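# A closer look at the structure
Residues per chain, in single letters:
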Amino acid sequence: MSNSDQNQEQKILTCDDKPLWDTWLSMFHFPTLTVADELGLFSLLDKKPATAEEVATNLSLGSRATEALLGAMTSLGYLVQFNGKFHLTQVSQNFLLPDSPYYWGGILHFMRDNPLSHSELLEAVQNDRSSIYDEKGIWETHEADQEKAEAFTRHMHSQSLTPALGAALRGDFFGVKRLLDVGGGSGAFCFALARRYPQMHCTILELPTVCDIAQEYIAEAGLSDRVDTYVGDFFQQPFPSGYDAILFSNIFHDWGWEKCLHLAKQSFEALPSGGRIYISEILLGDGKDNPPIATSFSMCLFWVTEGKQYTANEFNQILQEVGFEEISIVQTHVYYSLVSARKP
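What you are looking at is a predicted structure, and each value in this text was computed from that prediction instead of being measured.

### Some thoughts on the sheet that holds strand β6 (residues 245–249)
A sheet is described by the order of its strands in space; here seven strands give the open sequence β5-β4-β3-β6-β7-β9-β8, paired in mixed fashion. Each having just a single partner strand, β5 (227–231) and β8 (325–333) make up the two edges of the open sheet. Within the sheet, the average angular offset between the axes of one strand and its neighbour, ignoring direction, is 20 degrees. Sheet analysis places β8 next to strand β9 (residues 336–342), joined by six bridges and oriented antiparallel. Looking at β9, one finds that Ser328 is bridged to Ser340. Relative to the sheet, helix α11 (residues 146–170) contacts β8 and β9, its axis offset from that of β8 by approximately 125 degrees.

Here you go:
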């Protein structure tokens, strides 16, 4: 063996291809989860823990398919095996049962019906624009298509429920009487805040189609006396006055820098002295190369919107530029942080 061959082998031994294996096979994680959801695996095991043979019989699956499905779901933490029977973990009980108020069905179904492909992601990256809805923008599409608007609202509702609870619990909303939730979708954030702060009234500012959808969520939550809607396009009209706080949850990341600056300016102009702005987002690290969930979310946003994830420093810059002071950041739930600032 030549010296060059020996050197190459040494490189392989000291730096293996584990990241490639992990990245390659991770492509099966989410589709396997959506398949398990659609087959009713979690509902089945919620009724009674079962062996692989019992799962196969109840779901009309072959033994090889059942072994692969149960193995994947168990290794990922959705199931646990005791004495040959598969049980739900707490994560699955909370988020994967259709009758749970925190069911992730909106996300599972949206991604199931809009699967990511290599060609679509390549197109999005090369053109620096969303490719999920072809030539139309995502919000234009939703306003014109009630069914797609409902699917996306369910998606965002699933995504927002637990971050909203975390923000309501750990964020500082004391003293807020009237809050405007810009682009608030289903109202998930408003529900969490209204229940946590009995003195607070919340308004969802949304496009007409989404306001109609939000009214159904509000009624279902039993909060019609605490949460209402306001029809508007937040890039075409000034924000309504009379609110002492303005909230953006997963909104800034949908847009580029200038539009984010516009939203901050609109907020500053609409708020009274002492009013506060709140921004709930997953933050990128200063180098924009970590954490993995934030960098991956930015790739998702290439595909779906015209935005990206932002760093804490970028939010500081945006808010300071339009005049906000007393900027603070608190981690609220798993990956999410709440950025807040006050108008002097």
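### Notes on the pairing of strand β4 (residues 201–206)
Of all six residues making up β4, six are buried, and the element is well covered by its neighbours. Neither face of β4 is exposed, since His201, Thr203 and Leu205 on one face and Cys202, Ile204 and Glu206 on the opposite face are all buried. Two strands pair when backbone bridges link them, and strand β3 (residues 178–182) and β4 are joined in this way by five bridges, in the parallel orientation. Residue pairing across strands places Asp181 opposite Ile204, the latter belonging to β4. Considered for its hand, the β-α-β crossover made up of β3, helix α12 (residues 188–196) and β4 is right-handed.

### Description of the side chain of Lys343
Summarising the element assignment, Lys343 is placed in the segment after β9. An unpaired buried charge is present at Lys343: no salt bridge exists, and Glu269, the closest side chain of opposite charge, is 8.5 Å distant. Looking at Lys343, its side chain comes within polar contact range of the main-chain oxygen of Phe268, at 2.7 Å. Sequence-distant contacts of Lys343, defined by excluding residues within four places in its chain, comprise Phe268, Glu269, Leu271, Pro272, Ser273, Gly274, Gly275 and Phe324.

### Points about the state of the cysteines
Counted by the stated rule, this structure contains zero disulfides. Here Cys202 stays free of any disulfide, with the sulfur of Cys190 as its closest cysteine sulfur at 4.3 Å. Residue classification places Cys202 among the buried positions, given a relative accessible area of 0%. Not engaged in a disulfide, the cysteine Cys260 finds its nearest cysteine sulfur in Cys300; these two sulfurs lie 16 Å apart.

### Thoughts on the pattern of salt bridges
Enumeration according to the criterion identifies nine salt bridges in this entry. A salt bridge links Arg112 to Asp113, with the nearest nitrogen and oxygen atoms 3.3 Å apart. Residue classification places Arg112 among the partly exposed residues on the basis of a relative accessible area of 31%. On the basis of relative accessibility, which here comes to 52%, the residue Asp113 falls in the exposed class. Among the ionic contacts, a cluster of salt bridges with common partners joins Glu38, Arg112 and Asp113.

### Focus on the environment of Tyr197
In this fold, Tyr197 is placed in the loop between α12 and β4. Taking the C-alpha atoms as reference points, Tyr197 and Lys308, 111 residues apart in sequence, are found 31 Å from one another. When near neighbours in sequence (up to four residues on either side) are disregarded, Tyr197 contacts Ala168, Gly171, Phe173, Phe174 and Arg226. Within the local environment of Tyr197, its side chain forms a polar contact with the backbone oxygen of Gly171, the two atoms lying 3.4 Å apart.

### Brief notes about the pairing of β3
Counted residue by residue, β3 has four buried out of five residues, so it is predominantly covered. In this structure, β3 lies alongside β6, joined through three bridges in parallel fashion. In the sheet register, Asp181 faces β6, and the bridge partner there is Leu247.

Each value, and the rule that gives it
- Residues numbered from 1 in each chain as written.
- Predicted model: local features only at pLDDT ≥ 70, side-chain atom pairs only at ≥ 80, totals over all residues.
- Heavy atoms only, no water.
- Pairing = 2+ DSSP bridges.
- Helix = DSSP H or I, 4+ residues; strand = E, 2+ residues; numbered from the N terminus.
- Axes fitted to C-alpha atoms, helices over the stretch in contact; angles between N-to-C directions.
- Contact = heavy atoms within 4.5 Å.
- Buried < 20%, exposed > 50% of the residue type's maximum accessible area, 1.4 Å probe, protein only.
- Right-handed = clockwise from strand over helix to strand, strands pointing away.
- Lys, Arg positive; Asp, Glu negative; His and termini not counted.
- Salt bridge = Lys/Arg side-chain N within 4 Å of Asp/Glu carboxyl O.
- Polar contact = N/O pair within 3.5 Å; in protein donor to acceptor, adjacent residues only side chain to side chain.
- Disulfide = S-S within 2.5 Å.

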